[in-house]
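Residue-level structure breakdown
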Amino acid sequence: QVQVVESGGGFVQPGESLRLSCVASGITFSNYLITWYRQTPGRERELVARITADGGRTNYADFVKDRFTISRDNARNTAYLQMNSLKREDTATYFCNAFRSPRSPVDDDYDLWGQGTQVTVSS
């Protein structure tokens, strides 16, 4: 079964930390670019962090730089987003996307999304 599943969200107070996980199944995980996005009602989806298939390069949105860290463990088919010093404005649904170049016009497995995990930061 081809699947991407996020977990680790929750309710925390400002200044606290969470670690999100993205677990993939049914794919060769090491072939995929992993991107974390987040979405808040009334706002456009925004990119949070990205990591290359081999873990060699990362990119971050300015609003999470020096607070969040993206990583991956290809042996465990898992990517992570460590979120430190959380702020109220980090409240959102966080989504994991796995992407690779399509192999053919009928390739169903090149662009995969999880169901999302809710992060709420509030006092």
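These remarks concern the structure in this document.

Criteria and cut-off values
- Residues numbered from 1 in each chain as written.
- Predicted model: local features only at pLDDT ≥ 70, side-chain atom pairs only at ≥ 80, totals over all residues.
- Heavy atoms only, no water.
- Salt bridge = Lys/Arg side-chain N within 4 Å of Asp/Glu carboxyl O.
- Helix = DSSP H or I, 4+ residues; strand = E, 2+ residues; numbered from the N terminus.
- Buried < 20%, exposed > 50% of the residue type's maximum accessible area, 1.4 Å probe, protein only.
- Phe/Tyr/Trp six-rings, centres within 6.5 Å; stacked < 30°, edge-to-face > 60°.
- Lys NZ or Arg CZ within 6 Å of the ring centre and 35° of its normal.
- Disulfide = S-S within 2.5 Å.
- Pairing = 2+ DSSP bridges.

1. Thoughts on the pattern of salt bridges
Following the criterion strictly, the structure yields four salt bridges and no others. Linking aspartate 90 and arginine 38 is a salt bridge whose minimum nitrogen-to-oxygen distance equals 3.0 Å. In this pair, aspartate 90 sits in the loop between β8 (78-83) and β9 (92-99) while arginine 38 sits in strand β4 (residues 33-39), placing the two residues 52 residues apart along the sequence. For the pair aspartate 90 and arginine 38, a shared accessibility class is recorded, and that class is buried.

2. A short note on the packing of aromatic side chains
If you walk through the whole model with that rule in mind, you get two aromatic pairs. Over the ring of phenylalanine 29 we find arginine 72; its NZ or CZ atom is 4.6 Å from the centre of that ring.

3. Remarks on the state of the cysteines
Throughout the structure, instances matching the rule amount to one disulfide. Disulfide pairing places cysteine 22 opposite cysteine 96 at an S-S distance of 2.0 Å. One disulfide, between cysteine 22 and cysteine 96, carries an S-S torsion of -70 degrees and so falls in the left-handed class. With a gap of 74 residues between them, cysteine 22 in strand β3 (residues 18-25) and cysteine 96 in strand β9 connect regions that are remote in the sequence.

4. Considering the pairing of β9
Within β9, six of the eight residues are buried, leaving the element largely enclosed by the surrounding structure. Summarising the sheet, β4 and β9 pair through seven bridges and their orientation is antiparallel. Pairing of tyrosine 37 across the sheet is with phenylalanine 95, part of β9. Both β9 and strand β11 (residues 117-121) contribute to a ladder of three bridges, which runs antiparallel. Residue threonine 93 lies in a different strand from β11, and its bridge partner there is glutamine 118. Alignment of β9 against strand β10 (residues 111-113), held across three bridges, turns out to be antiparallel. When the sheet's bridge partners are listed, phenylalanine 99 is paired in β10 with aspartate 111.

5. Some words on the pairing of β8
β8 sits mainly inside the fold: five of its six residues count as buried. The pairing of β3 with β8 spans six bridges and is antiparallel. Paired with cysteine 22 across the strands is alanine 79, a residue of β8. Inspection of the sheet shows strand β7 (residues 68-73) paired to β8 by six bridges, in the antiparallel sense. Across the sheet, the residue bridging to serine 71 is tyrosine 80, located in β8. The hairpin formed by β7 and β8 contains four residues between the paired strands, and asparagine 77 there has a positive phi angle of roughly 50 degrees.

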